[in-house]
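Spelled out, the chains give:
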Amino acid sequence: MLTSHQALRAQMMRFASTSLKGPPSRRQVSQRLHSTATKRRESTMTSKFVSPKYATLRERLLQRRNQLNDFLMEPHNIPIPRWISPTYYTITYSEILGHSSFILVALSYYSGDFVALRIMAVAGSTCMLFFTYFHPHGRILWLPFKWNLLFTLINLQRLGTVYLERLQANYLSQELLDLRDRHFYVMDPADFCCLAKRAKIETFREGDVLMAQGENNSYVRLVLDGRFKVFRDGSFTYMVEEASFISEIALHAGLYLPGHVESCCTVVADTTSTVMTWERSELIDLMRRRAGLRRSLKAIFSWDLVRKLKTQRGLVTSGMIDDPEQWTKLRNEQTKHRYVAILQNLLSNGLIVESKQELNKYRLIHCITEETHNWALEQCGWTPEEFAHGYQEQDAAHGIVNRDFRWYGKNLYNRIFGFDKE
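So, here's what we can say about the structure. Here the structure is a predicted model, which means the values were calculated and not measured.

1. Digging into helix 3 (residues 57-73)
Okay, step 1: In this model, helix 3 (17 residues) spans 24 Å end to end at C-alpha, consistent with the 24 Å of a helix rising 1.5 Å per residue.
Okay, step 2: When helix 3 is considered as a whole, its buried residues turn out to be Gln 63, Asn 66, Asn 69, Asp 70, Leu 72 and Met 73.

Printed below as a string of structure tokens:
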């Protein structure tokens with residue numbers, strides 16, 4: 001048994017002998033690392049080896065884990081020429097997985113595709129799982145391991161949902177597939193499948209009234225087949241044909257009107273027609289939850305609006321309109337009635353403050369002047385001052401106004417940027 005003084009002296013002699021010999025060569029270091037890894041692997045195979053006949057499941061898993069650990073921890077030489085760097089470098093497969101994880105995460109930030117981003121995130125998190133479990137320091141880093149496992153499961157769930165919806169999109173009816181190819185090609189197949197599944201199919205015979213002027217309507221419809229005529233005060237104004245929407249009022253401008261909206265015209269089936277029908281509030285909820293569907297559907301609404309305007313111009317030039325001046329007057333009245341219905345919905349649901357920006361967009365698109373706006377407010381029983389404040393004086397006097405932090409924040413935002421002055 002060596003005393004502490006003798007042990008310290010022996011250590012100093014070993015250090016002196018090593019310093020006299022100089023640093024080991026690159027070949028000597030490589031041989032030492034190889035021999036150390038070989039001894040570790042042999043000791044694992046001999047001391048921890050259990051016969052498969054008598055080994056339990058836990059012992060077998062432990063044996064596989066040790067073998068994988070030795071494989072990932074075995075150092076490998078990095079062949080760097082000495083004229084570049086005389087320092088000796090080694091790397092393990094565990095360290096390679098760690099570097100790969102961060103590289104994949106960095107690449108995912110540059111990806112604009114949702115699926116590609118999720119795939120790279122899953123691959124990066126999986127690499128980090130191996131790196132944190134088989135860490136070069138020899139200890140399992142449980143904190144980052146658990147978080148990366150959670151991230152991997154979340155991304156796998158989102159990927160599974162997307163691929164399942166795309167698979168379901170391939171099993172839609174041929175009529176719906178043709179509709180998407182012709183008119184909804186800007187929409188992702190998964191979003192179109194989700195939109196189609198929430199619709200119901202309705203059939204109207206020739207002469208059936210789809211909706212009447214002045215009645216409340218809570219549905220948005222898309223014409224699949226057939227044709228509808230639109231009447232204002234009993235006079236024909238325009239036609240709605242295949243792949244056109246009915247009662248999609250203000251959705252193209254981002255105004256989400258819940259519940260029902262008063263109809264500004266009467267729609268009658270000109271032929272036997274088939275339509276897809278959505279409940280307005282359910283469609284709005286779907287658009288708010290799915291950003292991709294919302295963007296593509298707003299673009300489709302805008303294209304449909306342009307198509308309707310061109311169709312109306314064709315009616316005038318083809319001679320189907322007997323009195324163009326009277327027709328223009330009815331169209332202007334229809335536009336004003338529609339704007340009154342929009343204001344009535346926003347005011348009755350308390351959405352006027354948070355919807356002022358979108359309402360100004362609608363006014364700009366449809367040329368709603370300040371005079372028409374004030375007239376519409378008068379029809380709803382509001383004054384321009386009350387509209388600017390977002391509530392009526394009698395409601396404030398009776399404490400009916402619900403002024404939470406969102407109300408104050410939106411009102412302050414509108415006042416700073418001047419949306420109520422436009």
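2. Some points on the sheet that holds strand 11 (residues 266-269)
Okay, step 1: Spatially, 4-11-7-8 is the arrangement adopted by the 4 strands of the open sheet, whose pairing is antiparallel. The sheet terminates laterally at strand 4 (209-211) and strand 8 (235-240), the two strands that pair on one side only. Each strand axis lies, on average, 30 degrees off the axis of its neighbour in the sheet, ignoring direction.
Okay, step 2: Sheet topology places strand 7 (residues 228-232) next to strand 11; 4 bridges connect them, and they run antiparallel. From the neighbouring strand, Phe 228 faces strand 11, where its bridge partner is Ala 269.
Okay, step 3: Across the face of the sheet, helix 11 (residues 324-348) comes into contact with strand 7 and strand 8 while running at roughly 70 degrees to strand 8.

3. Brief notes about helix 5 (residues 114-133)
Okay, step 1: Here helix 5 spans 29 Å end to end across 20 residues, near enough to the 28 Å set by a 1.5 Å rise per residue.
Okay, step 2: Along helix 5, the residues classified as buried are Val 115, Arg 118, Met 120, Ala 121, Val 122, Gly 124, Ser 125, Cys 127, Met 128, Leu 129, Phe 131 and Thr 132.
Okay, step 3: Along its buried surface, helix 5 packs onto helix 4 (93-110) and helix 6 (142-169).
Okay, step 4: For helix 5, the capping residue at the N-terminal end is Asp 113, with a side-chain oxygen 3.3 Å from the backbone nitrogen of Val 115.

4. Quick notes on the packing of helix 6 against helix 8 (residues 189-197)
Okay, step 1: Closest axis-to-axis distance for the helix 6/helix 8 pair is 8 Å, and the angle between their directions is 65 degrees. Of the possible angle classes, the one that applies to helix 6 and helix 8 is roughly perpendicular. Helix 6 and helix 8 meet at a crossing whose hand is left-handed. Every residue of helix 8 that contacts helix 6 at Val 162, Glu 165, Arg 166, Gln 168 and Ala 169 is listed here: Pro 189, Ala 190, Cys 193 and Lys 197.
Okay, step 2: Classifying every residue of the contact of helix 6 with helix 8 gives 5 nonpolar, 1 polar and 3 charged.

About the criteria used
Residues numbered from 1 in each chain as written. Predicted model: local features only at pLDDT ≥ 70, side-chain atom pairs only at ≥ 80, totals over all residues. Heavy atoms only, no water. Helix = DSSP H or I, 4+ residues; strand = E, 2+ residues; numbered from the N terminus. Expected span 1.5 Å × (residues − 1). Buried < 20%, exposed > 50% of the residue type's maximum accessible area, 1.4 Å probe, protein only. Pairing = 2+ DSSP bridges. Axes fitted to C-alpha atoms, helices over the stretch in contact; angles between N-to-C directions. Contact = heavy atoms within 4.5 Å. Polar contact = N/O pair within 3.5 Å; in protein donor to acceptor, adjacent residues only side chain to side chain. Parallel < 35°, antiparallel > 145°, perpendicular 65-115°, else oblique. Left-handed = near helix turned anticlockwise from the far one by under 90°. Nonpolar A, V, L, I, M, F, W, Y, C, P; charged D, E, K, R; others polar.

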